[in-house]
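# Inside the fold
One-letter residues, chain by chain:
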Amino acid sequence: SSKRAAMAANRLKGYQDRFSATNQFISSANGPLSSHRISLPAKAAVQSNEPLKLQTHFDPSQLDGPANLEGLPGLKPSAVMVEAISVQDKVREEQRLREEKERQMECERRRMEELKMEEERQEKEKQVKEERERQEKLKVQYEIERAEEPIDERGKCDSFDLPKDDEVKEEDKRPEEPVPESMPVPETADPVKEFLAVLLSPETPASKKREMMLMPLPKSIKKLQCTIHRDKRSLAKKMYPRFNLMVSHTQDFLLSAQKMTMVGSAHYIITTDQHNMTRKTEGYLGKVRSDVAGHEYNLFGVGENPSKGLGPGRTRNQLAGVFYEHEQGNGRTPRKINVVIPQLEEGAPVEWKPMKKEEHLLYQFKCGFTKKLIVLKNKTPTWNSSLKAYVLNFFGRVALPSVKNFQLIDPENEKEIVMQFGRVDDSFFNMDLSWPLSIVQAYGIAISAFSYNH
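Residues numbered from 1 in each chain as written. Predicted model: local features only at pLDDT ≥ 70, side-chain atom pairs only at ≥ 80, totals over all residues. Heavy atoms only, no water.

Our next topic: the overall build of the protein chain. When helices and strands are counted, the protein chain shows nine helices and 16 strands. In the protein chain, buried positions account for 35% of the 454 residues. Put simply, 54% of the contacts in the protein chain that link residues at least 6 apart link residues at least 24 apart. (Helix = DSSP H or I, 4+ residues; strand = E, 2+ residues; numbered from the N terminus. Buried < 20%, exposed > 50% of the residue type's maximum accessible area, 1.4 Å probe, protein only. Contact = heavy atoms within 4.5 Å.)

Per-residue confidence for the protein chain gives a mean pLDDT of 77; residues scoring 70 or more make up 72%. Mean pLDDT across the elements of the protein chain ranges from a minimum in helix H4 (residues 151-154), with 38, to a maximum in strand E16 (residues 428-433), with 95. For the stretch residues 148-169, pLDDT sits under 50, and the model shows 25 contacts to residues farther than four places along the chain or on other chains. (pLDDT = per-residue confidence, 0-100.)

Under the criterion given, the structure shown has 16 salt bridges. Measuring nitrogen to oxygen at the nearest pair gives 3.5 Å for the salt bridge that ties Asp426 to Arg230. One end of the pair, Asp426, is in the loop between strand E15 (413-423) and E16; the other, Arg230, is in strand E1 (residues 224-231), with 196 residues separating them in the sequence. You can call Asp426 partly exposed: its relative accessible area is 46%. Salt bridges sharing partners connect three or more residues here, namely Glu106, Arg109, Arg110 and Glu113. (Salt bridge = Lys/Arg side-chain N within 4 Å of Asp/Glu carboxyl O.)

Tracing the sequence through the fold places Gln407 in strand E14 (residues 406-410). We classify Gln407 as buried; its relative accessible area is 1%. At 2.8 Å, the side chain of Gln407 and the backbone oxygen of Asn393 are in polar contact. When near neighbours in sequence (up to four residues on either side) are disregarded, Gln407 contacts Lys377, Asn378, Lys379, Leu392, Asn393, Phe394, Phe395, Ile417, Met419 and Gln420. (Polar contact = N/O pair within 3.5 Å; in protein donor to acceptor, adjacent residues only side chain to side chain.)

Set out below in structure tokens:
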């Protein structure tokens, strides 16, 4: 606009120069103007003493024939300057109004964003409140149902559909044969007690304990009941809580894990030394590492990353892989878990040392190469219309509803529960496992359930 105003001012100055040249050749006041013509709108404006209106372009069609200069006052440069300044002021005013409008629109946009964020915050608080009320309702319902059960039926909640030794029908009882006083009565050996006695004995070498932690549980152990304590008692542990694994009925310590600091993805160290959570300790057994998205978790044993080029002899062994299928929904949809472990040969897992990404357990599973793998899936919960929630029978080992609760089964034998994990309260979770999982494998799977938050 400023450029156009300058061009119009130059045109008017040209008109003034033409008038000056014409006056030198006019012989009389009424003589015709033969060699110069003036724009009709400009001449009319000058004759009527009206303000000049600048044109942004020159149109020859607006010129008439010879003009009579009688009565035409002389053009003054000050009028041109005043008109140019008025045009510039008009441009500035339009620009100011445009900027003011844009500023108002920006303020309105920010206000709408703040209102939207406030609505989302209130909606989130409402969902949290509803979820808390729902959990309280489920807890009360659970206590009511437990209170209504006969006392002799509660003891059956401690096993996977296996009756206790003292729960024998009357018709199945046989008369006991008299035993001579000199012959002692043999006691039934408990494989769980024998296994834990060797594992927890201070006389057992550390190498033997490591082997028992990494090897699959004996088939004679139908179920090993453990408990995980999530320790968040200090400020540091609130951000990086420590998970201590112990035997449920004796509270004997087994393993400990903690998330490493200053690491982008989830990275947990697993060790038998609860006071030294580093890879340099002698009790280091492995680590749990997730991908960037947090959907895949890999459990590695002792060893180095193959990217360091130290050779297969010093490369870490992959113990398990956990894959959480992401579900689009309101966050209350049950999780879908896939667990992959190496196949067993002569009672021991096959050594699996991937040298590249394509050799990882989860990559082989996604490509359908499961011939040398054991695949476990979570048992699908059923919908309870009265509680308005998904439910599973944990046989009394779970007290509170949680999205972390799950049961792992073999797809070929869905009646056999290989592992179950669930919440007891805010700090304690029960973990039960059986063959073909090892203690470290089951513990790594449970750690992934704590870390997965989608």
